[in-house]
Structures are given as C-alpha cells and as structure tokens.
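# Structural characterization, general
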Amino acid sequence: MALMKAKILGRCHRVAWTAALLLLCCEQPGDPRPAVDQPRDDGQPAVDLPSHSERLAVEQPSDGERLAVEQTGDGERPAVELPRDAGRPPVERPEPSEEDRLWRAIADLGSPETREPAKRVLRDAGRKGFDLCLKAARMGEEMVVQDYAGFEMGLIGISTVMTTSMRREAELTGSPGNDVAGPEAAGLAAVILSEHPDWQAELLRSADMFERQLALLSTFGDMERFEQTLDFVMAQPDTMLPRIGQMLHASTCPERIRTKGLALAHRSQRAVDVLDGELKGELVTCLQGGRCGHYFDGYGSDPRLILTQPDGKLALSPRASLDLYAALRAQKTENVKPVLSLRDSLFDMLADLAVGEETRKKIAAALAADLPELEGAERDLLAARLINAGFETAHRPVLRPGEPDQDVVFEAMLRGGAKGAREAVFERVFCRYWPGDTAELGFAASAGAADLAAEIATRCPGDVVAATAALVRLQDARARRFLEPSVRALSIMDGPPTSSNLVAGEALGAALHDRGTAEIGFELECLAKSYPRARSLLAAWKRGRAEEKR
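Residues numbered from 1 in each chain as written. Predicted model: local features only at pLDDT ≥ 70, side-chain atom pairs only at ≥ 80, totals over all residues. Heavy atoms only, no water.

### Describing the overall build of the chain
What counts is decided by this rule: Only DSSP runs of H or I reaching four residues or more are called helices, and only runs of E reaching two or more are called strands; each is numbered from the N terminus. Buried residues are those whose accessible area, probed at 1.4 Å on protein chains only, stays under 20% of the maximum for their type, while exposed residues exceed 50% and partly exposed ones sit between those limits. Should any heavy atoms of two residues lie within 4.5 Å, those residues are counted as being in contact. Shrake-Rupley sampling with a 1.4 Å probe provides the accessible areas, and residues are treated as covered by the protein chains on show and by no other component.
Helices and strands together make up the secondary structure of the chain, namely 25 helices and seven strands. Burial status across the chain gives 41% buried among its 550 residues. Nonlocal contacts in the chain, meaning residues at least 24 apart in sequence, comprise 57% of its contacts between residues at least 6 apart. As displayed, the chain has an accessible area near 30400 Å², and 54% of this comes from carbon and sulfur atoms.

See below:
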C-alpha cells in the first residue's frame, strides 16, 4: 500500500514538473505581460500591457507644438500629448535695442499702414531719430529724396509729380518696400530740421553737399531766412542745385526768388548748340559704352537734351540732339538700347510746343525714316506718336491688346478717324481706363460728346481738367465756365500735382494750341494775372494762333 502511494506521488510530481516546464516553454522571450494578473496597489484592476507585436510610435508634428505618443496593435490607446518645451529650459529673448527699434521705424515708413506711428517714434527720439532719417535718406537716389523733402516743406516742383505718383502707387499696391522708405525718411528729416534752427546752422556748415541742401529745404517755411540761406548755398559748388532751382522757379515764391531758381536750374550745364565731329564721336562712344545718360528738359522756353557725362553735363540743343541721333543710328551695332532711349527723348522734344516748328519737322522726318525697319507693335507705336504730334505717316497703327502704350495708339486712331475708334471713346470714359481718356472726348466731334464732357466737368471735380480739354477742342462755349476750376486744379498752390493732373494738363495745353478760340484766349489773359499756371496755358494758346497766321 505504501509502495503504491509512493508511485502515485512520484507520478504527480513528474506531472507537475512537466506542466511547469511546458508553461515555461510556451512563454515568449521578452513578453512583458505576466502570466497571472495581479491587482494594483490602488485597488484598480490590472492593466494589460501590449505584447511584443505592438509598437510604440513617436511622431513629431511639423508645427512643433507637441509630441504625440500613439499605441497601435490589438488595442487602441489615446495619444499622450507632451508639451513642446518639456525637458528643455526656456529660451530668453533679449529686448531690442533703441537703435534696432528706430531702424524698424525707418522700415515702417515704407508702408501706409505703419507710416504715421513710425514718424512719431522717430520724432520722439530727437537727434537720434533725425540722424537715422538722414542715413536712410542717403540710401535713395538723391534727386528723388530731395523731391520728397521739398514736397514735405511745401516746395512743389515739376519732378515731384513723379515722386507723388510713386507714393500713391505704393499705397495702392501695399508693397512699397525700401523704395519709398528712404525718400519718406528724407521728408521727415526736413520737417524735423525745420523745428531746430541750431541743427540747421550746423548742417549748413557741413562739408557734405547733401546735408547743406537739406538744411536749405528745411528753411522754406520762413521766406526771409530761406532767401538768406539760398544766397549762402549758391556760393557753394553744389552739383544738385539745378533740381532745387527747378522746384523754386515752378513755385509761387516771390519773383526775385523764382529768378534765382531759373539761374540754378541751368547751373553746371555747358550749352552745346552745334556738335563738331570730335565731340560727336566722343558722345556716341560714351552712349554705346553705357557711361553717359540723358533726359529731356522741357523746362522753360529753351528745351534741351541734358546729357550726363562722368565729368559733367551737356545741354544739347534740338539741332545738336538730332545730329547725335543720326550719328548713333549710323553705328550698326548689336546694342540698340542707346538708340531706343535717345529716340524716346526725341519724341519728348517733338511733343514740346516750345521747340521751333522747323526743328520739329526735321525730328519727325528723322523718326519717320525708322518706320520701314520696324515691325508689329513697335512700328504701330512709332507711327502713332508721330501722328499725335501732328505729322502724317503712311502707316496706320492698329490696337494690339496686351501691348504697352496702347493709349497712344488709340489717340492716333481717333485723330485719323479710324473706324470704331470714336464709338469706343464713350466706353473707355465710363470704364475709367486712364484719367486722360476724358480729354479724348474732344476728338469725337459730336454734340453728345460735348454734353458728356460738360456733365463730367460738373459732376467730377477730379476730372474737370480733362473734360475742359475736350470742350476746348470741340470749341464748345461751356469751356470758358470750367477754365478757372481747371487752372485752379493744376495750380501748385492748391496741392501737389498728381499723375492725373499731369496727363490732363498736357491734354488741355494741346487743345488750347490746336483749337483754342479768341474767347478762351481772353479768359486765359484774365486768369494769368492770378494763377501762374495759366501763363503756360496762355503761351500754348498764343503759339497755336501764331502758327495759324503763318
């Protein structure tokens, strides 16, 4: 009996050991899950841990806001979010220095949304703000920043039309950038300087030309002090004084100051009426090499082509300019940019009514000789510009949508009576493609066009100049009623000129020259006594009448 019990007990022990071995063999290595669930210390049920087949995925999102730990496998687990800065010390960012803050304000001058707060920051900074404005002003083109300084001080010149247009375009596009920030800084520097006479005196003694001229502009608010400062600066060899001279002569200053401005406008320019062979060759080489620039100066009664050389400026007469163009055209080189650029200046000269009629005919003939060598839109534009200047061409231009300067072509089609062009005027006027379109009503030659021009002049004060130009060209009696508002709108004393007034003013001058009546001339005589701007319009009217008599 005892032996039987021992055998049974031995068999039980072997079975137990065999079961234990089988259990051990069935367990997978590395399996974190215990064979028996045990309750937790807090009394909560045991939590099954994932098997080795389950993965831990750590993802870092691109925004860097948090770390997401996701468990995948047999059971779904919610993501565990960790703060971005977990385990890292906070980053300390230093406060910006005063100079950094002021430079930020300089940059903000280029945006219409931040301009006024930036001006307050710079003005509150005192001399530091002024010095920084002066540095920023030097980053821009000197002529442009001087225009802005003169604009802020109330001294409005012809060139300010460009800078005012730049400012308006920057405000419309919303992306002016540094192109406007520098000139705006110059205008602000002039305003700040006007409030500190001791700073003015300091800059007037400066060896730097730009600082002396900024000091001069800043005194414009006090005419007596301005004239004294002007006499002082005129004694210095400043090369940029012609720009200030132009602004002065076009202003409403006393006559003696405007006379000084006229002298300054032509300072440091050597007048050349006839080109000799040696000088002609030098200028052609200079233009082809890109070392010389040029622009047309239609200012005053002596229009000139100003050619800028490395060692100074030359003021070429229309005759000399034409000789230079012929010599440049004779150079058969691949570089055509100088030819195209000089051709544009000749067109400006051709449109200037102060240039003699015989000279204008010679210029037109020289430009017309280029027509056979051109094609497409370039040929249309050249022919259109000749037609608009009053000269006939064999080629009739046509509109090419998408090409630049199609307004010039459209005017030429109107002048030539092209089919459908006059009907298109009304649509263009109402669609407001360009402020000068209203003036083109004068070419429609109908009672309806005159009525519409009169209605626009009555209802649209901003378009009164162009509408009056149309009425003058149509020789409508209502033109006299709107002549004074037009002159007032063009006058510098009533505010800065805009691109709209510039285009419309040119259209009014051309209409007075081409179609001005005796009644209109009498009205201009009266207006010229009160408005300086009316004098140039009166001169255009007189030139037109003199040419009619010839």
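### A short note on the state of the cysteines
What counts is decided by this rule: In this description, a disulfide is simply a cysteine sulfur pair whose atoms lie within 2.5 Å.
With the rule as written, the count across this model stands at one disulfide. With a sulfur-sulfur separation of 1.7 Å, Cys 286 is cross-linked through a disulfide to Cys 292. The disulfide joining Cys 286 to Cys 292 has a torsion of about 90° about its S-S bond and is therefore right-handed. On the basis of relative accessible area, Cys 286 is assigned to the buried category, the value being 3%. Look at Cys 292 and you get buried, because its relative accessible area is 11%.

### Some words on the nonpolar core
Heads up, the condition is: What is meant by a nonpolar core is a set of buried Ala, Val, Leu, Ile, Met, Phe, Trp, Tyr and Cys residues, joined one to another through side-chain atoms within 4.5 Å.
Counting 47 residues, the largest nonpolar core has Leu 441, Leu 508, Leu 512 and Leu 524 as the members making the most contacts within it. Take this core: its biggest share by element is eight residues, from helix α21 (residues 464–473). Counting residues in hydrophobic clusters, the runner-up holds 42 residues, among them Ala 125, Ala 136, Leu 203 and Leu 216.

### Section: the packing of aromatic side chains
Our working definition: Centre distance within 6.5 Å is the pairing criterion for rings of Phe, Tyr and Trp, where only the six-membered ring of Trp is used; planes under 30 degrees apart are then read as stacked, over 60 as edge-to-face, and the remainder as tilted.
In this structure the tally under the stated criterion is two aromatic pairs. A ring pair is formed by Phe 130 and Trp 199, whose centres lie 5.5 Å apart and whose planes are at 35°; its orientation type is tilted. One end of the pair, Phe 130, is in helix α4 (residues 127–137); the other, Trp 199, is in helix α8 (residues 197–204), and 69 residues separate them in sequence. For Trp 199, a relative accessible area of 12% translates into the label buried. Summarising the aromatic geometry, the rings of Phe 220 and Phe 226 are spaced 5.1 Å apart at their centres and angled 85° between planes, so their arrangement reads as edge-to-face. Judged by relative accessible area, Phe 220 falls into the buried class, the value being 11%. On the basis of relative accessible area, Phe 226 is assigned to the buried category, the value being 0%.

### Some words on the pattern of salt bridges
Condition: Salt bridge, as used here: a side-chain nitrogen of Lys or Arg that lies within 4 Å of a carboxyl oxygen of Asp or Glu.
Per the counting criterion, the structure on display carries 28 salt bridges. For the salt bridge of Glu 392 with Arg 396, the shortest nitrogen-to-oxygen distance reads 3.4 Å. A relative accessible area of 68% means that Glu 392 is categorised as exposed. Of the residues examined, Arg 396 reaches a relative accessible area of 46% and is grouped as partly exposed. Arg 478 is paired through a salt bridge with Asp 476; the nearest N and O atoms lie 2.9 Å apart. Under the relative-accessibility criterion, Arg 478 is labelled partly exposed at 26%.

### Overview of unusual backbone geometry
With a phi close to 60°, Asp 405 is a non-glycine residue in the positive phi region. For Asp 405, the location among the structural elements is in the loop between α17 (376–388) and α18 (406–415).

### So, the side chain of Asp 352
The test is simple: Only four residue types enter the tally: Lys and Arg on the positive side, Asp and Glu on the negative side, with His and both chain ends excluded.
With respect to the element layout, Asp 352 can be found in the loop between α15 (337–351) and α16 (357–368). Buried charge Asp 352 goes without a salt bridge, the closest partner of opposite sign being Arg 543 at 5.8 Å.

By themselves, these are just geometric observations and shouldn't be taken as functional.
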